[in-house]
Amino acid sequence: MRAEQNAKRAPLGWGLLFGIIFGFLLHKGGATKYDVILGQLLLTDFTVVKIMLSAVVTGMLGIYFMKARGWVTLSIKSGSLGMNVIGGLIFGVGFAVLGYCPGTIAGAIGNGYLDALVGGLAGIIIGSGLFAALYPKLRGGILAKGDFGDLTLPRLFKVNDWLVVVPVAVLLVLLLIGLELAGL
Amino acid sequence: MEFLTEVRWSPYIVGVGIGVLSWLTFLISRQPLACSTTFARTSGLLERLVRGARVENMRYYQEIKLTWGWQGMLVLGIVCGALLSALLSGDFQGQWVPDRWAATFGDNVLPRLLVALLGGIAMGFGARWANGCTSGHGISGSLQLAVSSWISALCFFVGGILTAKFIFNVIGGG
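Heads up: these notes are all about the structure in this document. Everything numeric in this text was worked out from a predicted model, so none of it was measured.

1. Describing the packing of aromatic side chains
Two numbers describe a pair of aromatic rings. These are the distance of the centres and the angle of the planes. Scanning the model with the defined rule gives 18 aromatic pairs over all chains in all. With a centroid separation of 4.2 Å and 35° between ring planes, the pair formed by Phe 91 of chain A and Phe 156 of chain B is classed as tilted. You can see Phe 91 of chain A sitting in helix H5 (residues 81–98) and its partner Phe 156 of chain B sitting in helix H8 (residues 147–171), one on each of two chains. Its relative accessible area of 0% is what places Phe 91 of chain A among the buried residues. A relative accessible area of 0% places Phe 156 of chain B in the buried class. Taking 5.3 Å as the distance between ring centres and 80° as the angle between the ring planes, the aromatic pair formed by Phe 131 of chain A and Tyr 60 of chain B counts as edge-to-face. Taken together, the positions of Phe 131 of chain A in helix H7 (residues 114–138) and Tyr 60 of chain B in helix H3 (residues 59–64) put the pair across two chains. The exposure class of Phe 131 of chain A is buried, given its relative accessible area of 0%. Among the aromatic residues, those joined into a cluster by ring pairs are Phe 131 and Tyr 135 of chain A together with Tyr 60, Tyr 61, Phe 125 and Trp 129 of chain B. It is Arg 112 of chain B that lies over the ring of Trp 101 of chain B; its NZ or CZ is 5.4 Å from the centre.

Rendered as structure tokens:
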């Protein structure tokens, strides 16, 4: 719950500024467009994966560097197989049917896509509310199945952070080079 | 400053930019880039308008707290930032039916809105179930090497790819 406590202190102006930069970048990347997102899910246009993987490599190197210097603390979400596998698959179905995700739908609205504003936004709000209503029934059952807590890959393998960070960075960069070589 | 008026940038420049942005959100705001909880809070706040203060006592809203906060401002900022970029590059759309959808299923507005609504319901529900979305798990959680996020991100794409193939190749017959 550390993130919740910090959230109260985090000045809202920074949130707005960071959001403006995020939205600007998402639009410049084409990620605010249904056609680009569906192109990714149909495996004909790898723009979304290229954006995400280069963000992960860059972000990971910086965050673990700053963590080693004591400048930042990680904010890891606890999880379980019941939560992340089933929830992830349901999310994926919605992702393809809607053609936007919660971040990019905000960008799509700014970009002027009205199916995002009228249909999609209402849907996400309804779907979230349905989950909140069902939550008391789910939390002790399916959501707790296969619980592994706030595990990270370095702790899973019981190794120094950099023994995971460096190979993951190399692997993701090779994957991106592979995509380019394959002409995708 | 001509680059600001270009419609598209290289996905690698955009990705590296988002990565650097995540350094700043951690360093300055002690927060990861994440969006989907804001939609759940919005849902709870709307429900509170209808059903009153007892909504706040619901177990889920006790956990996520019904205040819009930093993440709400981030999401609002995304709308503004995308609007700014779209206007600067002459790419503001005002479009009801995306081209790719129209090419396969026609340009009737109502079917697309209905499907977007249904997709939104599944996605909103799934984002709560998995406790995160393509930004919270897919980018912020993955870059911190969280196991929950790598599993979720993988499942987002497995579910998404299978569903997209089914919609366009089976139903759409392409």
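And the narrative resumes.
2. Some points on the nonpolar core
Within the largest apolar cluster, 80 residues are counted, with the highest numbers of intra-cluster contacts made by Phe 22, Met 60, Phe 91 and Tyr 100 of chain A together with Ile 18, Leu 145 and Phe 157 of chain B. Per-element tally for this core: the top contributor is helix H4 (residues 47–68) of chain A, with twelve residues. Each of domain 1 (1–94) and domain 2 (96–174) of chain B gives at least three residues to this core. In contact with Ile 18 of chain B, not counting residues within four places along its chain, are Phe 22, Leu 25, Leu 26, Ile 51 and Ala 55 of chain A together with Leu 33 and Ile 139 of chain B.

Parameters at a glance
Residues numbered from 1 in each chain as written. Chains lettered and ligands numbered in written order. Predicted model: local features only at pLDDT ≥ 70, side-chain atom pairs only at ≥ 80, totals over all residues. Heavy atoms only, no water. Phe/Tyr/Trp six-rings, centres within 6.5 Å; stacked < 30°, edge-to-face > 60°. Helix = DSSP H or I, 4+ residues; strand = E, 2+ residues; numbered from the N terminus. Buried < 20%, exposed > 50% of the residue type's maximum accessible area, 1.4 Å probe, protein only. Lys NZ or Arg CZ within 6 Å of the ring centre and 35° of its normal. Core = buried A, V, L, I, M, F, W, Y, C linked by side-chain atoms within 4.5 Å. Domains from an automatic or database assignment. Contact = heavy atoms within 4.5 Å.

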